[in-house]
Amino acid sequence: MRGVPEPLPIAVLVSGTGTNLQALLDTVHGREAQIVAVASSTANARALQRAEEHGVPSAVFARADYSDREERDAALADWLLARGARLVVLAGYMELLSAAFLGSFANAVINVHPSLLPAFPGIRAIEQALEYGAQVFGVTVHFVDEGVDTGPVILQRAVELPDAREPQEVLAALRPLEHALLPQAVRLFAQGRLRFDPANPRRPLGDGKQQSAEWPTGLRAGRTAGGPSTGGPGDPSEG
Ligand code: GRF
């Protein structure tokens, strides 16, 4: 008889408010995953309080405290490995990671980005999209490689906002998408349900069962990696 699987030990890297960290604490933490470490690039990040409130060990790895990024990342990787982390989740982490760090967690670093990649990578993604005149916005969860927001896409969701003019308005619409998508990606990873397609390493394969019933009502659940396009619960576009 199969027992209940152990939660996957994960680390979360943050720099700011930490609403995505909160979403992970509220959903997958203690279930499919165990957040064993929260590391921040800034000492005053609100995210650090969230970790503390949940009894999760946290530490600050500020760039200014090290001679260079490589030294900072080596210390960071050592701490995360010592905590037993097997997946690293970037949740609003505003720093690039060195190749050596990525090598320590091969195919096991993921990021959430507030645009439909490959459109609008890097900082100010929502502002970039608004300045471009985009009418469809979205969120991408992807594996992290050495580029800026260039790694293979895991999950992506879009929302139509043809009248949006202000970044805050778009951010408010994207938040629920981020807070659903990032935990879902962690769940898939923890359950061993993400594999790379040898024929196209840019496309992680799911097992066709990635559709979650947990999308916020009214949002399109849409296409999942390796799965067909289907409407989500309450999807207005489905009539
Ligand atoms: C999110 O918009 C995420 O997409 C981006 O940084 C922001 C982090 O927000 N990478 P929070 O700190 O999780 O609230």
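Figured I'd write up the structure that's included with this text. (Residues numbered from 1 in each chain as written. Predicted model: local features only at pLDDT ≥ 70, side-chain atom pairs only at ≥ 80, totals over all residues.)

**Let's talk about the overall build of the protein chain**
Counting its regular elements, the protein chain contains 6 helices and 11 strands. Buried positions account for 41% of the 239 residues belonging to the protein chain. In the protein chain, 60% of the contacts between residues at least 6 apart in sequence involve partners at least 24 apart. (Helix = DSSP H or I, 4+ residues; strand = E, 2+ residues; numbered from the N terminus. Buried ≥ 20, exposed ≤ 12 C-beta atoms within 10 Å, placed from the backbone. Contact = placed C-beta atoms within 7 Å.)

**Thoughts on the packing of helix 5 (residues 125–132) against helix 6 (residues 167–190)**
Angle between the axes and distance between the axes: these two values describe a pair of packed helices. Where helix 5 meets helix 6, the closest approach of the two axes is 10 Å, and the angle between their N-to-C directions is 120°. The angle between helix 5 and helix 6 falls in the class oblique. Crossing angle aside, the handedness with which helix 5 passes helix 6 is right-handed. Of the residues in helix 6, those in contact with I126, E127 and L130 of helix 5 are P167, V170 and L171. By residue class, the composition of the contact of helix 5 with helix 6 is 5 nonpolar, no polar and 1 charged. (Axes fitted to C-alpha atoms, helices over the stretch in contact; angles between N-to-C directions. Parallel < 35°, antiparallel > 145°, perpendicular 65-115°, else oblique. Left-handed = near helix turned anticlockwise from the far one by under 90°. Nonpolar A, V, L, I, M, F, W, Y, C, P; charged D, E, K, R; others polar.)

**Concerning the pairing of strand 9 (residues 200–205)**
Bridging between strand 8 (residues 195–197) and strand 9 involves 3 bridges; their strand directions are antiparallel. By the bridge assignment for strand 9, D197 is matched with N200. Linking strand 8 back to strand 9 in an antiparallel pair, the connection comprises 2 residues. (Pairing = 2+ DSSP bridges.)

**Considering the sheet that holds strand 5 (residues 109–113)**
Pairing is mixed across the open sheet formed by 7 strands, whose spatial order is 3-2-1-4-5-6-7. A strand with exactly one partner marks an edge of an open sheet, and here the two such strands are strand 3 (58–60) and strand 7 (153–160). Adjacent strand axes in the sheet meet at a mean angle of 20° when their direction is disregarded. Summarising the sheet, strand 6 (residues 136–143) and strand 7 pair through 7 bridges and their orientation is antiparallel. Counted as the bridge partner of V141 is L155 from strand 7.

**Points about the site of the ligand**
Surveying the vicinity of the ligand reveals the residues G16, T17, G18, T19, N20, A91, G92, V112, H113, P114 and E178. Elements represented by at least two residues in the shell around the ligand include exactly helix 1 (19–27) and strand 5. Tallied by class, residues from the shell around the ligand come to 3 nonpolar, 7 polar and 1 charged. (Near = placed C-beta within 6 Å.)

**Thoughts on helix 1**
Spacing of three or four residues puts side chains on the same side of an α-helix, whose turn is 3.6 residues. Every buried residue of helix 1 is listed here: N20, L21, A23, L24 and L25. Structurally, helix 1 contributes buried residues whose contacts are with strand 1 (8–14), strand 2 (33–40), helix 2 (46–53), strand 4 (87–90), strand 5 and helix 6.

**Some points on helix 2**
The set of residues buried in helix 2 consists of A47, L48, R50 and A51. For helix 2, the arc enclosing every buried residue in end-on projection is 155°, short of the 170-degree limit, so these residues lie on one face. Turned more than 90 degrees away from the buried face of helix 2, the exposed residues are Q49, E52 and E53. The elements touched by buried residues of helix 2 are strand 1, helix 1, strand 2 and strand 3. (Arc of directions from axis to C-beta.)

**Section: unusual backbone geometry**
Here L117 and P118 are connected by a cis peptide whose omega angle stands at 15°. Within the fold, P118 resides in the loop between strand 5 and helix 5. The phi dihedral of R124 falls on the positive side, at around 55°, and the residue is not glycine. Checked against the element boundaries, R124 lands in the loop between strand 5 and helix 5. Judged by the 12 C-beta atoms lying within 10 Å of it, R124 falls in the exposed class.

**A look at the packing of helix 1 against helix 6**
Interaxial distance between helix 1 and helix 6 falls to 9 Å at its minimum, and their mutual angle equals 50°. By the criterion of interaxial angle, the relationship of helix 1 to helix 6 is oblique. You can see that helix 1 and helix 6 cross each other, and the crossing is right-handed. Listed contacts from helix 6 to T19, N20, A23, L24 and T27 of helix 1 are R175, E178, H179, L182, P183 and V186.

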